[in-house]
Amino acid sequence: MMLILKCVLLSFLALIVVLAINTMRKTSGARKLEGKHPEFTEDELKPYGEALSRMIRCATVSVKDSHDDTEFAKMRAVVEEDFPLLHEKAERMMFAADCWMYKISGEDTSRNILLMSHHDVVAADTEHETWKYEPFSGTIADGKVWGRGAADTKGSLCAILFAAEEMLREGITPPVNLYILSSHNEETGGDGMTTARSYFEEQGITFEVILDEGGGIVEPPLPGMRCEMCAMIAVHEKGRLKVNCTARNKSSHVSMTGFKGNPVERMAKFIEEVKSSNIFIRELNPQTKAMFAGLAPYCGFPMNVLFNNLWFFGGIIKKVLPKINGTAGSMIGTTCNFQKIEGSVNDRFCTASVMFRNTNEADLKKEYAAFTAIAEKYGITLEIERDEYYKPADMDSPAYAYTVDCLAKIFPRFAAAPYVLSAGTDAWRLTPVCDCVLRFAPTRMSNQQLGSIHAVDENLDISAVAEAAVFYKYFVVNYK
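Residues numbered from 1 in each chain as written. Predicted model: local features only at pLDDT ≥ 70, side-chain atom pairs only at ≥ 80, totals over all residues. Heavy atoms only, no water.

Q: Now, about the overall build of the protein: what can you tell me, with residues and values included?
A: Per the secondary structure count, the protein includes 15 helices and 15 strands. For the protein, the spread of C-alpha atoms along the principal axes amounts to about 75 × 75 × 50 Å. Split into buried and exposed, the 480 residues of the protein put 53% on the buried side. Partitioning the intrachain contacts of the protein with sequence separation of at least 6 by distance along the chain shows that 79% fall at a separation of at least 24. As displayed, the protein has an accessible area near 21,600 Å², and 54% of this comes from carbon and sulfur atoms. In the protein, the 52 positive side-chain charges and the 62 negative ones have mean positions that sit 9 Å from each other. (Helix = DSSP H or I, 4+ residues; strand = E, 2+ residues; numbered from the N terminus. Buried < 20%, exposed > 50% of the residue type's maximum accessible area, 1.4 Å probe, protein only. Contact = heavy atoms within 4.5 Å. Areas by Shrake-Rupley, 256 points an atom, 1.4 Å probe, with all protein chains shown as cover. Lys, Arg positive; Asp, Glu negative; His and termini not counted. Charge placed at Lys NZ, Arg CZ, Asp CG, Glu CD.)

And the structure:
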């Protein structure tokens, strides 16, 4: 018995040593977060603030299936006035109603990179919301520009345009072709980027890397992290499967349905069973593992031990991660959200729509089969309305490594890590023409600013726009 106890104790001690050594090795090998970030005087920041303010004053609200060009025309005029060299020297095209494209030819005209954004915004509900400043005033106060679109995403678009304008003013020819794209209907899932993609496909144009919105420079996403902020690079965007569910009476009389319960009751029970089931697969995909590897060196105990030793703690993390951070938790598997339910007993039917957001296409097929089985149990028919899966970015590509290196050069005090984006962007539309689509805009945002996207008091620091312009210029000029 004593021998067994000694063996167990020695095994336990050996495990502790292995975990500790592995943690120390990976932490000591990580990049030190030190160095100088871009700095600007008030006079240097002034043009950035004024340009973004003018862009925000154009109320470019996109409306699904329609387009009023009035405010968009104002936006085009503002951009043309503020960035004259870009409009003089770059090749320009427009797709659909107002999707802009600029091309600056590079030294090697056979290679292409793309910086993209969108200039449409969601509406501001001033009837039910109280804003500090009017949402389309573009007010400059407290070192920030306030208004709808500041963070999403006129701020990053403004930075891209400044970077291109400065590059042209200095007579710099980029190493490869630089494309700039901005859509007018990203918020409504419109045809801007789809039309642009069709053009690229027809012309045989592919890109080595694309930078869009999605990720950004944010406050540490996990508690106890030892860093000022983190550059979170979305290397994958969760797919979408939208399904319409319908429960009907087989009889015209509510008491003769053929099933136990009327359509409303059956739909309620169906939803309850789906939400309480364990049909959804939880796994640490390669992108999430890479996120932990990137963040682990800057985490305190015990997170640094957990994240540096996924081979041992992976199972535990899959269970506790959703409780620590909801956004992070959504990255480890499919989420299932019922979005709308309607109908009545008198209508003799009940319908519900559900959206699956998945990271793995093979897993979703298994999950949907289980979902279908539950639906059949309650006599519910299913109809797929939307089915999309987007390939992740190639994290082994030189373009991804270069992006991370640029972040270390421009923002040396900030950690950087990949992650899986739960929200939606236009970037997925261009995955057929690029293997390294990165949803990342180098704009620095506090939690308040991040939370103001599509909400009240949207704003962005003027210095964040200037910093982003420095990053974009460096990224383009030094691209190899």
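Q: Pulling in residues and values, what's your account of the packing of aromatic side chains?
A: If you walk through the whole model with that rule in mind, you get 28 aromatic pairs. Judged by centre distance (5.9 Å) and plane angle (25°), the ring pair of Tyr368 and Phe371 falls under stacked. Separated by three residues within a single helix, Tyr368 and Phe371 lie in helix H12 (residues 361-377), roughly one turn from each other. Residue Tyr368 is classed as buried on the basis of its relative accessible area, which comes to 18%. A connected cluster of aromatic rings, assembled from ring pairs, spans Tyr402, Phe411, Phe414, Phe440, Phe471, Tyr472, Phe475 and Tyr479. The ring centre of Phe349 lies 5.6 Å from the NZ or CZ of Arg248, which sits over that ring. (Phe/Tyr/Trp six-rings, centres within 6.5 Å; stacked < 30°, edge-to-face > 60°. Lys NZ or Arg CZ within 6 Å of the ring centre and 35° of its normal.)

Q: Got a sec to walk through the sheet that holds strand E10 (residues 335-344)? Specific residues and values, please.
A: If you walk across this open sheet you meet the four strands as E10-E11-E9-E12, and the pairing is antiparallel. At either end of the open sheet lies a strand with only one pairing partner, and these are E10 and strand E12 (380-388). Adjacent strand axes in the sheet meet at a mean angle of 15° when their direction is disregarded. Here eight bridges tie strand E9 (residues 239-248) to E12, and the two strands are oriented antiparallel to one another. Bridge pairing in E12 places Lys242 opposite Arg386. Together, E9, E10, strand E11 (349-358) and E12 form the strand contacts of helix H7 (residues 263-276), whose direction differs from that of E10 by roughly 170°. Packed on one face of the sheet, H12 meets E9, E10, E11 and E12 and runs near 160° to E12. (Pairing = 2+ DSSP bridges. Axes fitted to C-alpha atoms, helices over the stretch in contact; angles between N-to-C directions.)

Q: I'd like a rundown of the side chain of Arg240, residues and numbers included.
A: Residue position: Arg240 is located in strand E9. With a relative accessible area of 10%, Arg240 lands in the buried category. There is a polar contact of 2.7 Å between the side chain of Arg240 and the side chain of Tyr390. The residues touching Arg240, leaving out its near neighbours within four places in the chain, are Met355, Phe356, Arg357, Asn358, Arg386, Asp387, Glu388, Tyr390, Ala423, Gly424, Thr425 and Trp428. (Polar contact = N/O pair within 3.5 Å; in protein donor to acceptor, adjacent residues only side chain to side chain.)

Q: Any chance you could break down H12 for me, citing the residues and the numbers?
A: Compared with the 24 Å implied by 1.5 Å per residue over 17 residues, the 25 Å span of H12 between its first and last C-alpha is a close match. At its buried positions, H12 is contacted by E9, H7, E10, E11 and E12. Measuring from the side-chain oxygen of the N-cap residue of H12 to the backbone nitrogen of Ala362 gives 2.9 Å; that N-cap residue is Asn360. Looking one or two residues beyond H12, the residue adopting positive phi is Gly379, at roughly 65°. (Expected span 1.5 Å × (residues − 1).)

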